[in-house]
Amino acid sequence: MKEYLYIYGINPVVESLQNDKIFVAELYVVQNGNENQTILSLAKKRFLKINYCTKEQLTKLANSSNHQNYLLAIKMPKTLTIEQLVGQSLKKDHPFLLVLDQIVDPQNFGAILRTCDMFNVDGVIILNKRQVSLTPSAVKASAGGFAHVAISEVNNLTNAIEYLKTCGFWIYATELSAKAVPVGDLKYDTPVCLIVGNEGKGVSPKLLKHADFNVYVPTTGHLDSLNVSVATAVLIYQIKMLQQEL
């Protein structure tokens, strides 16, 4: 795992500098005589080293031209073991964990982390391979949410789900099939684990076999499916609202 992660763009940089949970190592700035004073002021308050460079140098460092002249090197957030994540979750009134089955788009991953932060999902479980991890694009899409959501990386999702079951979690997997039920038709009065799947293939058949329920978002338009990050947001919101009614 890389020690540092690069965050670029004015808003992500400002949000990160304002977040005490994020360990920031260095700031890189393109010096053009019109620097963002908010960023410079926040950097000085945190006693950061400010590295001035050319736009070409920053583009190479960020591996993107969409850096808006600012880049932060931050320490990679620590991941939790699944045992740690479950232990934290079970202390809550309504334990809620999310499993991502091979999400590969960093924009989707970041948007899902943002949703998890907004609705206080206790944590996200992902594979340590064949799955997008925290990248600059994912961090930017999360709008700062990445720093507030606990993540556990595992080498086998089936084993992780079976472990969750032994800890009292009921498993809900997203699927459009004859046996799936609308997400709003169930009662979520036990610890909840929601599984959402890959952008193209959905939840793998192997994981579906281990689910207690298959759920979907009912729609009334012409299309029958949503982008995975949008569908995840709707599912989380619906389940959270039903939990609050208990």
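Everything numeric here is computed off the predicted structure, so don't read it as measured data. (Residues numbered from 1 in each chain as written. Predicted model: local features only at pLDDT ≥ 70, side-chain atom pairs only at ≥ 80, totals over all residues. Heavy atoms only, no water.)

Considerations on the state of the cysteines
This structure, assessed with the given rule, holds zero disulfides. With no disulfide partner, Cys116 has as its closest neighbouring cysteine sulfur the one in Cys193, 12 Å distant. We classify Cys116 as buried; its relative accessible area is 1%. Not engaged in a disulfide, the cysteine Cys167 finds its nearest cysteine sulfur in Cys193; these two sulfurs lie 11 Å apart. (Disulfide = S-S within 2.5 Å. Buried < 20%, exposed > 50% of the residue type's maximum accessible area, 1.4 Å probe, protein only.)

Observations concerning the domain arrangement of the protein
Partitioning the protein into domains gives domain 1 (4-75) and domain 2 (82-245). On the domain 2 side, the residues contacting the eleven residues of domain 1 number eleven residues. Roughly 860 Å² of surface becomes buried between domain 1 and domain 2 when both sides are summed, with 65% attributable to carbon and sulfur atoms. One can count zero salt bridges joining domain 1 with domain 2. Linking domain 1 with domain 2 are one residue pair in polar contact (both at pLDDT 80 or more), by the criterion used here. Those elements that provide at least two residues to the side of domain 1 that touches domain 2 are strand S1 (4-8) and helix H1 (10-18). Class assignment for the residues of the side of domain 1 that touches domain 2 results in seven nonpolar, two polar and two charged. (Domains from an automatic or database assignment. Contact = heavy atoms within 4.5 Å. Buried area = accessible area lost by both parts, 1.4 Å probe. Salt bridge = Lys/Arg side-chain N within 4 Å of Asp/Glu carboxyl O. Polar contact = N/O pair within 3.5 Å; in protein donor to acceptor, adjacent residues only side chain to side chain. Helix = DSSP H or I, 4+ residues; strand = E, 2+ residues; numbered from the N terminus. Nonpolar A, V, L, I, M, F, W, Y, C, P; charged D, E, K, R; others polar.)

Digging into the pattern of salt bridges
The full count for this structure, using the stated rule, is three salt bridges. One salt bridge connects Asp122 with Lys92, and the closest N-O pair in it is separated by 3.3 Å. Residue Asp122 is located in the loop between helix H5 (106-118) and strand S6 (123-127), and its partner Lys92 is located in the loop between helix H4 (82-89) and strand S5 (96-101); the two are separated by 30 residues in the primary sequence. Overall, Lys92 belongs to the partly exposed group, its relative accessible area being 44%. Lys165 is the partner of Glu162 in a salt bridge, and the nearest nitrogen-oxygen pair spans 4.0 Å. A residue pair is termed a helical-turn pair when its members lie 3 or 4 positions apart in one helix, as Glu162 and Lys165 do in helix H7 (residues 157-166) at three residues. Residue Glu162 is classed as partly exposed on the basis of its relative accessible area of 31%. Residue Lys165 is classed as partly exposed on the basis of its relative accessible area, which comes to 29%.

Looking at the packing of H5 against helix H9 (residues 228-244)
Two elements in contact, H5 and H9, have axes whose closest approach is 9 Å; the angle formed by their N-to-C orientations is 15 degrees. As judged from the angle between their axes, H5 and H9 are roughly parallel. As H5 packs across H9, the resulting crossing turns out to be right-handed. Of the residues in H9, those touching H5 at Asn108, Ala111, Ile112, Thr115 and Cys116 are Val228, Ser229, Thr232, Ala233 and Ile236. Among the residues forming the contact of H5 with H9, the class breakdown is six nonpolar, four polar and no charged. (Axes fitted to C-alpha atoms, helices over the stretch in contact; angles between N-to-C directions. Parallel < 35°, antiparallel > 145°, perpendicular 65-115°, else oblique. Left-handed = near helix turned anticlockwise from the far one by under 90°.)

A look at the environment of Leu71
When you line up the elements, Leu71 lands in strand S4 (residues 70-75). Sequence spacing of Leu71 and Leu223 is 152 residues, and the spatial spacing of their C-alpha atoms is 39 Å. Setting aside residues no more than four positions away along its own chain, Leu71 makes contact with Tyr6, Ile7, Tyr8, Val13, Glu26, Leu27, Tyr28, Leu58, Leu61 and Ala62.

Observations concerning the sheet that holds S1
Taken in spatial order, the four strands line up as S1-S4-S2-S3 in an open sheet, and their pairing is mixed. Of all the strands in the sheet, just S1 and strand S3 (49-53) have a single pairing partner and so form its edges. Each neighbouring strand pair of the sheet contributes to a mean axis angle of 25 degrees, computed without reference to strand direction. Strand contacts of H1: S1, strand S2 (24-30) and S4, with the helix running at about 40 degrees to S4, the strand carrying the most contacts. (Pairing = 2+ DSSP bridges.)

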